[in-house]
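So you can see what is in the structure, the chains are spelled out below.
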Protein chains: 2
Amino acid sequence: MLRAVARSLAASVCCVVFSGAVWAQESLPSWNDGAAKQSIVEFIAKVTKEGGPDYVRPGERIATFDNDGTLWCEQPMYVQLAFVLDRVKALSPKHPEWGSEQPFKSVLDRDVRGLAAQGEKAVMQLVAATHTGMSADDFERIAGDWIANARHPKFNRRYTDLVYQPMLELLAYLRANGFKIFIVSGGGIDFMRPWTEKVYGIPPEQVVGSTGKLEYEVRKGKPVLMRRPAIVLVDDGPGKPVGIQTHIGRRPIAAFGNSDGDLQMLQYTAAGGGARLMLILHHDDAEREYAYDRKSHIGKLDKAWDEALAKKWVVVSMKNDWRKIFPFE
Amino acid sequence: MLRAVARSLAASVCCVVFSGAVWAQESLPSWNDGAAKQSIVEFIAKVTKEGGPDYVRPGERIATFDNDGTLWCEQPMYVQLAFVLDRVKALSPKHPEWGSEQPFKSVLDRDVRGLAAQGEKAVMQLVAATHTGMSADDFERIAGDWIANARHPKFNRRYTDLVYQPMLELLAYLRANGFKIFIVSGGGIDFMRPWTEKVYGIPPEQVVGSTGKLEYEVRKGKPVLMRRPAIVLVDDGPGKPVGIQTHIGRRPIAAFGNSDGDLQMLQYTAAGGGARLMLILHHDDAEREYAYDRKSHIGKLDKAWDEALAKKWVVVSMKNDWRKIFPFE
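Summarised in this report is the structure supplied together with it. (Residues numbered from 1 in each chain as written. Chains lettered and ligands numbered in written order. Predicted model: local features only at pLDDT ≥ 70, side-chain atom pairs only at ≥ 80, totals over all residues. Heavy atoms only, no water.)

**Looking at the sheet that holds strand E6 (residues 277-282) of chain B**
Residue and element names in this part refer to chain B.
Okay, step 1: Read across the sheet, seven strands follow the order E4-E3-E2-E1-E5-E6-E7 without closing on themselves; strand pairing throughout is mixed. Among the strands making up the open sheet, the edge pair consists of strand E4 (222-233) and strand E7 (314-317). When the angles between neighbouring strand axes are averaged without regard to direction, this sheet yields 30 degrees.
Okay, step 2: For strand E1 (residues 62-65) and strand E5 (residues 254-257), the ladder comprises three bridges, and the chain directions are parallel. The partner of Thr64 across the bridge, within E5, is Ala255. (Pairing = 2+ DSSP bridges. Helix = DSSP H or I, 4+ residues; strand = E, 2+ residues; numbered from the N terminus. Axes fitted to C-alpha atoms, helices over the stretch in contact; angles between N-to-C directions.)

In structure tokens, the structure reads:
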């Protein structure tokens, strides 16, 4: 009994000392002590300090996270591209013509170079063939089933196991400090929504992503939303601030990314008034994950890196700042 | 001291008795006892009863509300149209050509019939002239300033005073029972966001509405989102389920509307599994507000009313079900 009272008192004192900010040492155990962790902790302390010059009320504590390469592994290819290729194979028995038609033939022949040579248009054709023509409910089931079973070629783990433990801790730490967290990803909004709540604790309504056209129809008396082959939002690069304004309607005070596709989101976040946190994850750990930056086709980090250095944004070294990469380690 | 303990005990007992559902008698004081109120209370009790057959976990308790005519007064013209007309007048000194150009001339001459005769295209021209060509931040300030000062022609009150007290109570009652509430309106998303949090307690990220095209630009080193004259989503009629899927990504379990523009949202809500609440507000109170339905140009209630009667959705009579209309009464 006395011990419980003592604990309770100690907890109260801590609350007063740290003026509401949840203490970071225990919240970010997979982060090594260093400049990156310190920047995060200092930012949180500033915006949560009531009466302080940088105080931000909880409703306006908006943080946005890129997904591919920021929250989970994006190598050796974007997870959604692996999904597209698997779906082409799965659907091919119903499409005998794909055996001789490009870009489907390249996929079925496992001719990666041949596919790459066909460029972006080919990818859009594959996306249209695998992501449209069904209802939103059907697509949710298809994507959810795939992610529950598909495995990463290098780690032989489910893709949702290949999320970054330090980032899960950061999400929880931000949440405990009154932040509302949104994913703002170049990936398809409906590809992420079936699993983000379970994996990251981020519900569907806080997921922003590339968005296809939907049409409302009543089929046999039942209302359905049909997926159509047209793009409403490419939520990448300059599309990220557009997605943020459209879905959130407030400027984030913190943004997290890893590639040039996140540059405009970081710029837009930085341009608001008051304390801001802009963070870029640098993949420099070939041993535990992958090492890539300026010359990578996937997750290219070049202009955003230069701007991060020039503007003193936080650059996280996966190799040096992270004690642990994946939860299963 | 003893009294405090007694109160605390009494509160605990109440919680147990009502199995988590916040009791309605005190929560909905402006609602007369009757079938409408009873339907609401029974629905809430069902979906919040842990272990019950209709239990819905809090994260999935999504409710969507139309705005014009459901949460606030939409007569004698949509509030946003009043904003458009005022903006044309305010901007006219910079546009001398509007004195002879339609549809601007009709607005400046206060020729309502002449304007009406020019149809939807004219309205779109007025919207483009008053809603685009500026940054998202500038529009937010313009809309916010206007709503803080403009007054309703009949009631001589600010438009934000003309919200329905029984609906404010319903929003609070739903919130207290773990619901997340979204506005899903035909009105412009950025016209509503500057004031919905203050007036309804609904933050910008929970507002869905008609959406215009945005473009990211860096102007003099400063990132801005420019508003362009193109429509991305008409969030009305069949556009409402599209807006719901795009922004929320979950089907609501409760939806509230007042006109044919809400029919598809109500159908889509009704088509999900488990307990559902579909509610239509019927404006039948010419004395305290307005009376209109099947033949109205604004807020026409015809097909949705037929379907409500056929499907036994809840139809709320403003005259009979509401003790009070506006908070200031």
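Okay, back to it.
**Thoughts on the interface of chain A and chain B**
Okay, step 1: With 36 residues of chain A at the contact, the number on the chain B side is 36 residues.
Okay, step 2: For the pair chain A and chain B, the summed buried surface comes to about 3000 Å²; carbon and sulfur atoms form 53% of the total.
Okay, step 3: It is Glu205, Tyr216 and Gln245 of chain A that lose the most area in chain A upon contact with chain B, and together they represent 21% of the buried surface on that side.
Okay, step 4: In this structure, the connection of chain A to chain B is made through ten salt bridges. (Contact = heavy atoms within 4.5 Å. Buried area = accessible area lost by both parts, 1.4 Å probe. Salt bridge = Lys/Arg side-chain N within 4 Å of Asp/Glu carboxyl O.)

**Section: a nonpolar patch on the surface**
Okay, step 1: Together, Met124, Ile231 and Val234 of chain A make up an exposed nonpolar region whose accessible area comes to about 270 Å².
Okay, step 2: By secondary structure assignment, the location of Met124 of chain A is in helix H6 (residues 119-131). (Patch = residues over 30% accessible without salt bridge, like charges linked within 9 Å, V, L, I, M, F, W, Y side chains within 5 Å. Areas by Shrake-Rupley, 256 points an atom, 1.4 Å probe, with all protein chains shown as cover.)

**Regarding the pattern of salt bridges**
Okay, step 1: Summed over all chains, the structure comprises 42 salt bridges over all chains.
Okay, step 2: With its nearest N and O atoms 3.6 Å apart, the salt bridge here joins Lys213 of chain A to Glu215 of chain A.
Okay, step 3: Ionic pairing is found between Arg294 of chain B and Asp302 of chain B, a salt bridge with its closest N-O pair at 2.8 Å.
Okay, step 4: Because the salt bridges share partners, they merge into one network encompassing Arg57, Glu60, Lys180 and Arg250 of chain A together with Glu197 and Glu205 of chain B.

**Regarding the relation of the copies chain A and chain B**
Okay, step 1: Of the transformation placing chain A onto chain B, the axial shift is 0.0 Å and the rotation is 180 degrees, giving an RMSD of 0.0 Å. Taken together, the rotation and translation relating the two chain copies correspond to the operation of a two-fold axis. Within chain A, the C-alpha atom positioned nearest to the axis of rotation is that of His247 of chain A, 3.2 Å from it.
Okay, step 2: Looking at the interface residues of chain A, 100% of them are also at the interface in chain B, so both copies use one shared face. (Least-squares fit on C-alpha atoms with pLDDT ≥ 70 in both.)

**Observations regarding the sheet that holds strand E7 (residues 314-317) of chain A**
Residue and element names in this part refer to chain A.
Okay, step 1: Across the sheet, which stays open at both edges, the seven strands sit in the order E4-E3-E2-E1-E5-E6-E7 with mixed pairing between neighbours. Both edges of this open sheet fall to strand E4 (222-233) and E7, since each of them pairs with a single strand only. Strand-to-strand twist in this sheet, taken as the mean axis angle between neighbours without regard to direction, amounts to 30 degrees.
Okay, step 2: As defined by bridge partners, strand E5 (residues 254-257) adjoins strand E6 (residues 277-282) across four bridges and the pair is classed as parallel. Bridged to Phe256 within E6 is Leu279.
Okay, step 3: Together, strand E1 (62-65), strand E2 (180-188), strand E3 (207-219) and E4 form the strand contacts of helix H11 (residues 239-247), whose direction differs from that of E2 by roughly 130 degrees.

**Here we look at the environment of Tyr292 of chain A**
Residue and element names in this part refer to chain A.
Okay, step 1: Mapped onto the elements of the fold, Tyr292 is located in the loop between E6 and helix H13 (303-311).
Okay, step 2: Distance in space between the C-alpha atoms of Tyr292 and His282 is 8.0 Å, their sequence separation being ten residues.
Okay, step 3: Here Glu74 takes part through its side chain, which lies 2.6 Å from a polar atom of the side chain of Tyr292. (Polar contact = N/O pair within 3.5 Å; in protein donor to acceptor, adjacent residues only side chain to side chain.)

**Some words on helix H7 (residues 136-149) of chain B**
For an α-helix, 3.6 residues make a turn, and residues three or four places apart therefore share a direction.
Okay, step 1: Spanning 14 residues, H7 of chain B covers 20 Å between terminal C-alpha atoms, matching the ideal 20 Å at 1.5 Å per step.
Okay, step 2: All buried positions along H7 of chain B are accounted for by Ala136, Phe139, Ala143, Trp146 and Ile147 of chain B. Angularly, the buried residues of H7 of chain B cover 95 degrees about the axis, an arc narrow enough to put them on a single face.
Okay, step 3: On the buried face of H7 of chain B, the contacting elements are H11 of chain A together with helix H3 (79-91), helix H6 (119-131), helix H9 (189-200) and E4 of chain B. (Expected span 1.5 Å × (residues − 1). Buried < 20%, exposed > 50% of the residue type's maximum accessible area, 1.4 Å probe, protein only. Arc of directions from axis to C-beta.)

**Things to note about unusual backbone geometry**
What you tend to see is this: most non-glycine residues have negative phi, and most peptide bonds are trans.
Residue and element names in this part refer to chain B.
Okay, step 1: Cis rather than trans, the peptide bond between Gln75 and Pro76 has omega equal to 0 degrees.
Okay, step 2: Positionally, Pro76 belongs in the loop between E1 and H3.
Okay, step 3: The peptide bond linking Gln102 to Pro103 adopts the cis configuration, its omega dihedral lying at 0 degrees.
Okay, step 4: Here Pro103 shows up in the loop between H3 and helix H4 (104-108).

**Some words on the packing of aromatic side chains**
Okay, step 1: Applying the stated criterion to the full structure yields 32 aromatic pairs over all chains.
Okay, step 2: Taking 5.5 Å as the distance between ring centres and 20 degrees as the angle between the ring planes, the aromatic pair formed by Trp146 of chain A and Tyr159 of chain A counts as stacked. Taken as a pair, Trp146 of chain A in helix H7 (residues 136-149) and Tyr159 of chain A in the loop between H7 and helix H8 (165-176) lie far apart in primary sequence, 13 residues in all.
Okay, step 3: Here Trp146 of chain A falls in the buried class, since its relative accessible area comes to 10%.
Okay, step 4: Ring geometry for Phe83 of chain B and Trp146 of chain B: centres 5.3 Å apart, planes at 70 degrees, overall edge-to-face. Highlighted residues: Phe83 of chain B in helix H3 and Trp146 of chain B in helix H7, separated in sequence by 63 residues.
Okay, step 5: Residue class for Phe83 of chain B comes out buried when judged on its relative accessible area of 0%.
Okay, step 6: Pairwise contacts between aromatic rings join Trp31, Phe155, Tyr164, Tyr290, Trp322, Phe326 and Phe328 of chain A into one cluster.
Okay, step 7: The aromatic ring of Tyr290 of chain A is capped on one face by Lys154 of chain A, whose charged end is 4.2 Å from the ring centroid.
Okay, step 8: Between Arg227 of chain B and the ring centre of Phe139 of chain B, over which it is positioned, the NZ or CZ distance is 3.9 Å. (Phe/Tyr/Trp six-rings, centres within 6.5 Å; stacked < 30°, edge-to-face > 60°. Lys NZ or Arg CZ within 6 Å of the ring centre and 35° of its normal.)

**Some remarks on H9 of chain B**
Okay, step 1: If you check which residues of H9 of chain B are buried, you get Ile189, Asp190, Phe191, Met192, Arg193, Trp195, Thr196 and Tyr200 of chain B.
Okay, step 2: Of the residues trailing H9 of chain B, Gly201 of chain B is marked for its positive phi of about 75 degrees.

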